[in-house]
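Each chain, letter by letter, is given below.
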Amino acid sequence: MTARPTKGACRRLGGTLLTLAALCGCAAHVPPHASSVQVAVPLQWSGADLGSAAGHATLVQWWSNFRDPLLTTLVEQAVLNNTRVLGAQAALRQARALRDATAAALWPTLYGTASAQRNHSGEAAANNNFNVTLDAAWELDVFGARRSALHGSQAQAQASAASLGDVQVSIAAEVALAYILLRSAQARLQIASDNLADQQETLQLTLWRVQAGLLSSLEAEQARAAAGQTRAQLPSLRTSIEQSSFALAVLTGQPPASLLTLLASAAPVPQADGALALDIPAQTLRQRPDVRAAEFQVNAAQARVVQADAARRPSFRLGGKLGLSAMTLGDLASAAALARSIAASVTAPLFDAGALNAQLRAQQAELEQAEAALQAAVITALKEVEDALVALRNDRERHLHLQLAAEAAANAALLARQRYASGLVDFQTVLETQRSQRNAQDSVVSANADVSADHVRLYKALGGGWL
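Each chain has its residues counted from 1, following the order in which its sequence is written. Since the coordinates come from a predicted model, pLDDT governs what is reported: local features require at least 70, and pairs of side-chain atoms require 80 or more to be given and counted, while whole-chain, interface and lining totals use all residues. Excluded from the side-chain calculation are hydrogens and water; included are all heavy atoms of the structure.

**A look at the pattern of salt bridges**
When their charged atoms lie close together, side chains carrying opposite charge are able to pair. Put simply, the rule reads: Salt bridge, as applied in this entry: a Lys or Arg side-chain nitrogen positioned within 4 Å of an Asp or Glu carboxyl oxygen. By the criteria applied, helices consist of DSSP H or I runs no shorter than four residues and strands consist of E runs no shorter than two, each listed in order from the N terminus. Classification of residues uses two cut-offs on accessible area relative to the type maximum, computed with a 1.4 Å probe and protein chains only: under 20% is buried, over 50% is exposed, and between them is partly exposed.
Taken as a whole and assessed by the stated rule, the structure comprises 16 salt bridges. A salt bridge links Glu174 to Arg84; the shortest N-O distance between them is 3.2 Å. Taken together, the residues Glu174 in helix α5 (residues 145-211) and Arg84 in helix α4 (residues 83-104) connect sequence positions 90 residues apart. A relative accessible area of 31% means that Glu174 is categorised as partly exposed. The closest approach of N and O atoms between Glu432 and Arg435, which form a salt bridge, is 3.0 Å. Linking Glu432 with Arg435, this pair stays in helix α10 (residues 427-461), spanning three residues, or about one helical turn. By relative accessible area, which is 41% here, Glu432 ends up partly exposed. Connected through shared salt-bridge partners, Arg288, Asp290 and Glu384 make up one network.

The following block contains the structure:
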């Protein structure tokens, strides 16, 4: 007999809430806003002929194109364990949690409370009071303020995901560049050591000829000076090798000295395998994580403008309470213990000294900043690709000419040593040809490393490495 009124009250309160939920869902829809950003994007790259389009998947693990297993291992460790990557991942989790919290604000809130109280005053008999209450509250999103907040938080979460991709792109490129620098320094150290061995042989031959009275001490001192200058290059190259190893360890999230043993053995400078087919500029911009992040920031700023505009309009709130109150636990089931109420309210800003309008103008200015940042990201992306293409083309040509020069310098140095041993040329000729050979060989290694680094920068500029 006593349960039916309680169920009926619950049905009426629930039905009211569901009806208002449907009305709120219809009224809270906020149409998307198009960005006003206008950037002229060229149809093709000026630095290279347009090849067949390479999809985004071909750039994801671009480091595998270098055919160096150790480089692949280091890059994969870095994109998982680098401290900047871990921080960006935490920022993404935070943004997604804030999005979920914003989405929850669209729904009614429901709280339940239960209390028991015993009162005693003077000689009067003690009395008890038991209460069970269910409170519901809901702010109707008539003008779309909360829906816009959800759109903004969703765009912010997407921007955080793209920012994580941008960090991964940067870290992968930094690892590859440090690895190329390491292998280049090792190759240059080997060249310097080989040249030093040749100069020491020349020095010994010069000392014999001085003892035989065929040369003066001037030639001997020149030979010592040449060998000393080459020997002086070795410590700086070893410093570069160790510092590059330290950098690689830190990039992979390890203490600086962790990779010294692993990287101690010299290996060739990695070379990119095959030619890269270029996407059109518009496709490249779509796959660049920094450009995507800037686009999402514009979307978030647009949503905040709508939210600030809706804050100037009235807000509607619905509340309800369903409770039971009795002197004993048994009486809680009676009809007399039931209490219920429904309340609705409207709040409208009447006077705020222009604060809400000022907040709207501030959000509009933030939107303009986000659009300017997007324009800057697009222009910078286009420039980075063009820079990488120009550098790659010219460094390839330079490397080719230096290879020819190094071959000629090596032949000249060999002939000079042979003729000097036979007494057909003077010592100055030997010194000059050895110096030319050393410089040419060193330049070839440096140019070879520059070509590899240009490939890395081009992959990065195209948005490669976004996992």
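Now that the structure has been shown, we can carry on.
**A short note on the packing of aromatic side chains**
Under the convention used in this document: Any pair of Phe, Tyr and Trp rings, taking the six-membered ring for Trp, is counted once the centres come within 6.5 Å. Such a pair is stacked with planes under 30 degrees apart, edge-to-face with planes over 60 apart, and tilted for the rest.
Under the definition given, this model contains four aromatic pairs. Plain terms: the ring middles of Trp62 and Tyr459 are 5.4 Å apart, the flat faces sit at 15° to each other, and that makes the pair stacked. Here Trp62, found in the loop between α2 (57-60) and α3 (69-81), pairs with Tyr459, found in helix α10; they are 397 residues apart in sequence, far enough to count as distant. Overall, the relative accessible area of 2% leaves Tyr459 in the buried class.

**Focus on the pairing of strand β1 (residues 109-119)**
For the record, the criterion: When DSSP locates at least two bridges between a pair of strands, those strands are taken to pair.
Judged by how many residues are buried, β1 sits mostly at the surface: zero of 11 residues are covered. Note: β1 against strand β2 (residues 127-140), 11 bridges, orientation antiparallel. Across the sheet, the residue bridging to Ala116 is Phe130, located in β2.

**Considerations on unusual backbone geometry**
Glycine aside, a negative phi is what most residues show, and trans is what most peptide bonds show. A positive phi angle, near 55°, is found at Arg67, a position not held by glycine. Secondary-structure assignment places Arg67 in the loop between α2 and α3. Taking the relative accessible area as the measure of exposure, Arg67 reaches 63% and is therefore exposed. Although it is not a glycine, Ala353 sits at a positive phi angle of roughly 60°. In this fold, Ala353 is placed in the loop between β4 (338-347) and α9 (355-421).

**Quick look at the side chain of His399**
Keep this limit in mind: By definition, residues are in contact when any of their heavy atoms lie within 4.5 Å.
Tracing the backbone shows His399 in helix α9. In this view, His399 contacts Val444, Ala447, Asn448 and Val451; residues no more than four positions away in its chain are not counted.

**A few points about the nonpolar core**
Note the cut-off: The term nonpolar core refers to a set of buried residues drawn from Ala, Val, Leu, Ile, Met, Phe, Trp, Tyr and Cys, joined through side-chain atoms within 4.5 Å.
Membership of the largest hydrophobic core comes to 66 residues, with the highest contact counts inside it found for Trp62, Val175 and Leu248. Mapped by element, the contributors of at least two residues to this core are α3, α4, α5, α6 (217-251), α8 (289-310), α9 and α10. Top element by residues in this core is α5. It accounts for 15 residues. Not counting residues up to four positions away in its chain, the partners in contact with Trp62 are Ala172, Ala173, Ala176, Val456, Tyr459, Gly464 and Gly465. In terms of nonpolar packing, the next biggest core, distinct from the first, is built from nine residues, Leu215, Ala416, Tyr420 and Phe427 among them.

**What about the packing of α6 against α10?**
The line we're drawing: Axes here refer to lines fitted to C-alpha atoms; in helices the fit is confined to the stretch in contact. Angles between the N-to-C directions go from 0 to 180 degrees. Angle categories are assigned with fixed cut-offs, so that under 35 degrees is roughly parallel, over 145 is roughly antiparallel, 65 to 115 is roughly perpendicular, and the rest are oblique. Here the term charged refers only to Asp, Glu, Lys and Arg, the term nonpolar to Ala, Val, Leu, Ile, Met, Phe, Trp, Tyr, Cys and Pro, and the term polar to all other amino acids, Gly among them.
With their axes 10 Å apart at the nearest point, α6 and α10 run at an angle of 10° to one another. Taken as axis vectors, α6 and α10 run roughly parallel relative to one another. Along the contact surface, α6 presents Glu219, Gln222, Ala223, Ala226, Thr230 and Gln233, while α10 presents Phe427, Gln428, Leu431 and Arg438. Broken down by class, the residue content of the contact of α6 with α10 amounts to four nonpolar, four polar and two charged.

**Some remarks on the environment of Arg188**
Keep this limit in mind: Two N or O atoms count as a polar contact when they lie within 3.5 Å, although within protein this holds only if one can serve as hydrogen donor and the other as acceptor, and sequence-adjacent residues are included solely when both atoms are side-chain atoms.
Within the secondary structure, Arg188 sits in helix α5. Its relative accessible area of 28% is what places Arg188 among the partly exposed residues. Along the backbone, Arg188 and Val445 are 257 residues apart, and their C-alpha atoms lie at a distance of 6.7 Å. Excluding its chain neighbours within four sequence positions, the residues that come into contact with Arg188 are Leu237, Asp442, Val445 and Ser446. At a separation of 2.7 Å, a polar atom in the side chain of Arg188 contacts the side chain of Asp442.

**Focus on the packing of α5 against α8**
Note the following rule: Note on convention: the crossing is left-handed when the near helix lies turned anticlockwise from the far helix by less than a right angle, right-handed when the turn is clockwise.
Look at α5 against α8: their axes get within 8 Å of each other, and the N-to-C directions meet at 165°. As far as their axial angle goes, α8 and α5 are roughly antiparallel. As α5 runs across α8, the sense of the crossing is left-handed. Residue composition of the contact of α5 with α8, by class: 13 nonpolar, 10 polar and four charged.

**Overview of the environment of Leu86**
Mapping Leu86 onto the fold places it in helix α4. Here the alpha-carbon distance between Leu86 and Leu164, two residues 78 residues apart in the chain, equals 9.0 Å. Not counting residues up to four positions away in its chain, the partners in contact with Leu86 are Leu80 and Asn81.

Shape descriptors only; they carry no functional weight alone.
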